[in-house]
Amino acid sequence: MTKILLQIIFLTVFCISGYSQKSEMSNAFKNKEFEKVVKLGKQLVESEPNDFDGLLGIGKAYNILNEFNNAIPYLEKAVNCSENDWQFAWSNIELMESNFAVGKIEKAKEFYKKALEYKGTENSTKKLKGLALLFGFDKVYENWKTLETDNITFHFQNGTSIIDKENYIKERENAFLNINIFFSSYLPKKIDFFVWKSNEEAVKTLNKSLGFTNPKYCVSHNRDNQTKGHEIAHNISFWLEKTNNRNRLINEGIGVYFDQTETNRLEKAKKVLKNKKIDIKELWLNGNNYSEKIFYPVAGAFIENLVLIDKKKFIELCKNQTYENAELIYGKELKEIISEFNIKLNK
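The notes below deal with the structure included here. (Residues numbered from 1 in each chain as written. Predicted model: local features only at pLDDT ≥ 70, side-chain atom pairs only at ≥ 80, totals over all residues. Heavy atoms only, no water.)

1. As for the overall build of the protein chain
- Scanning the protein chain from N- to C-terminus turns up 17 helices and five strands.
- Seen through its C-alpha atoms, the protein chain measures out along the principal axes to roughly 90 × 55 × 30 Å.
- Taking all contacts inside the protein chain whose residues are at least 6 apart in sequence as the whole, residues at least 24 apart take part in 65%.
- Summing over all exposed atoms, the protein chain offers an accessible surface of approximately 18,200 Å²; the carbon and sulfur share of this is 50%. (Helix = DSSP H or I, 4+ residues; strand = E, 2+ residues; numbered from the N terminus. Contact = heavy atoms within 4.5 Å. Areas by Shrake-Rupley, 256 points an atom, 1.4 Å probe, with all protein chains shown as cover.)

2. Digging into the pairing of strand 3 (residues 191–196)
- With six of six residues buried, strand 3 lies mostly within the body of the structure.
- Bridge analysis of strand 2 (residues 152–156) against strand 3 gives five bridges, and the strand direction is parallel. Residue pairing across strands places T153 opposite D192, the latter belonging to strand 3.
- As for the winding sense of the linkage, the β-α-β connection from strand 2 through helix 8 (residues 165–183) to strand 3 is left-handed.
- Taken together, the five bridges between strand 3 and strand 5 (residues 219–223) define a ladder with parallel strand orientation. Looking across to strand 5, one finds that D192 is bridged to V219. (Buried < 20%, exposed > 50% of the residue type's maximum accessible area, 1.4 Å probe, protein only. Pairing = 2+ DSSP bridges. Right-handed = clockwise from strand over helix to strand, strands pointing away.)

3. Things to note about unusual backbone geometry
- Between L210 and G211 the backbone carries a cis peptide bond, its omega angle lying at -10°.
- Within the secondary structure layout, G211 lies in the loop between helix 9 (199–206) and strand 4 (212–214).
- In this model, N66 sits at a positive phi of 65°, which is unusual for a non-glycine residue.
- Structurally, N66 can be placed in the loop between helix 3 (52–64) and helix 4 (68–80).
- Classification of N66 as buried rests on a relative accessible area of 9%.
- Despite not being glycine, S184 has its phi angle at roughly 55°, a positive value.
- Relative to the elements of secondary structure, S184 occurs in the loop between helix 8 and strand 3.

4. What to know about the environment of E282
- Examined against the element boundaries, E282 turns out to sit in helix 13 (residues 280–285).
- Its relative accessible area of 29% is what places E282 among the partly exposed residues.
- The spacing of E282 and Y112 is 170 residues in sequence and 43 Å in space, taken between C-alpha atoms.
- Among all residues touching E282, those that are not within four sequence positions of it are G287 and Y290.

Okay, here's the thing in structure tokens:
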């Protein structure tokens, strides 16, 4: 009787402990404390190796942290521990994501097809559809033409205005090489570079206007008349530091500055302002309040200015692009840099 009672007490404590850890994991997810999610998940699976929630939680957190190779073994075990459709769906979706992100494209497609076999939750179904459209797995891409270079996989929709695809590809491969001479980034996979025949087609399919880049996965979706380097620069600069913190002024300025066009960026910025006074610090802190027409040229001119002042400090800023980090990097010099640039810009 005593032995049975002790077993009951042990199991009760064990279950309460597991529930408590799962509750903590859930709260950590809500608070975006993903390192904590990993830590709690590992504690959970150490005592309960086949706990699906723990395994999936670790895998999802690693994917969010861009640590895709670390996610894969936990997600593979999560598949093996799945019992219900929603569990199979989520674990296959996360495996599709992590494998695609490290360049295992065919394997990622296999997990995509497996995920389609199960009835997932509303959220998992939404994520599956979104990633399939982003990655080029959806049936809408069935008739697109794919061509590869050393660093980029090009996907062309039928009907683009590009006549000489060979030259188009060569220019963008060269743009990649030129930009990465500056950054020396290591990308985990080739850039998947989608070229749409029109912005209207993309909006209808993706519900998003072109062009845009999701550098986490090294994916760019482009208009057929975009500059050679803008979206490529977003991918390369992102992978300077996988935990980077981006800001619109610096991030979009990088795209404009490295777009591989020869132009006087300061004069172009002054022209679009049309004598309207603007402050770089204000753009840095509240960039979303400004239209692309004004914001992009000004951001590009400012990045050119920072590169010319000190390349090493600029590279550090690219990893954490907040104004507060810039203050740490440049010190008292930052106010002078901004003041002098504002004077040039607002002449």
